Amino acid sequence: MGPYPAQANSPVADFMEQRRDPRQRDIVARGIALMRESGMLCALEFLKRHAVRSQVIERVLLDPRHRSVA
């Protein structure tokens with residue numbers, strides 16, 4: 001990590017928060033699986049229902065290169 005702490009609501013902070021929270025990681029992984037199985041709308045509703053932050057939802061559903069989980 002660099003000399004500056006991650007700022008709240010930054011991509012680095014999102015990544016670090018997700019990795020520290022196994023429950024959140026599992027919810028996001030299930031959301032990604034739902035997107036593959038049932039489509040983006042189903043995954044979006046699932047993630048919102050489980051209080052996943054909008055920045056995380058956007059990253060994992062719209063930009064696969066920035067996913068922290070597979």
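What you are looking at is a predicted structure, and each value in this text was computed from that prediction instead of being measured.

**With respect to helix H3 (residues 40-49)**
All buried positions along H3 are accounted for by Ala43, Phe46 and Leu47. Each buried residue of H3 sits inside an arc of 95° when the element is viewed along its axis, so together they form one side. Exposed residues on H3 whose side chains face more than 90 degrees from its buried face are Leu41, Lys48 and Arg49. Buried residues belonging to H3 abut helix H2 (22-38) and helix H4 (54-62). Directly after H3, the chain includes Ala51, whose backbone phi takes a positive value near 60°.

**Things to note about the packing of H2 against H4**
One way to put it is that H2 packs onto H4 with a least axis distance of 10 Å and a crossing angle of 40°. Between H2 and H4, the angle is such that the two are oblique. Considering how the two elements wind past one another, H2 and H4 form a crossing that is right-handed. Between H2 and H4, the residues in contact are Val28, Ile32 and Met35 and Val56, Val60 and Leu61, respectively. Across the contact of H2 with H4, the residue classes break down as six nonpolar, no polar and no charged.

**Points about the pattern of salt bridges**
Enumeration according to the criterion identifies two salt bridges in this entry. The residue Arg25 makes a salt bridge to Asp26 at a minimum N-O spacing of 3.6 Å. Accessibility expressed as a relative area gives 29% for Arg25, which makes it partly exposed. Given a relative accessible area of 46%, Asp26 falls into the partly exposed group. Where Arg30 meets Glu37, a salt bridge forms, and the shortest distance between an N and an O atom there is 3.5 Å. Exposure remark for Glu37: the relative accessible area of 55% places this residue in the exposed category.

About the criteria used
- Residues numbered from 1 in each chain as written.
- Predicted model: local features only at pLDDT ≥ 70, side-chain atom pairs only at ≥ 80, totals over all residues.
- Heavy atoms only, no water.
- Buried < 20%, exposed > 50% of the residue type's maximum accessible area, 1.4 Å probe, protein only.
- Helix = DSSP H or I, 4+ residues; strand = E, 2+ residues; numbered from the N terminus.
- Arc of directions from axis to C-beta.
- Contact = heavy atoms within 4.5 Å.
- Axes fitted to C-alpha atoms, helices over the stretch in contact; angles between N-to-C directions.
- Parallel < 35°, antiparallel > 145°, perpendicular 65-115°, else oblique.
- Left-handed = near helix turned anticlockwise from the far one by under 90°.
- Nonpolar A, V, L, I, M, F, W, Y, C, P; charged D, E, K, R; others polar.
- Salt bridge = Lys/Arg side-chain N within 4 Å of Asp/Glu carboxyl O.

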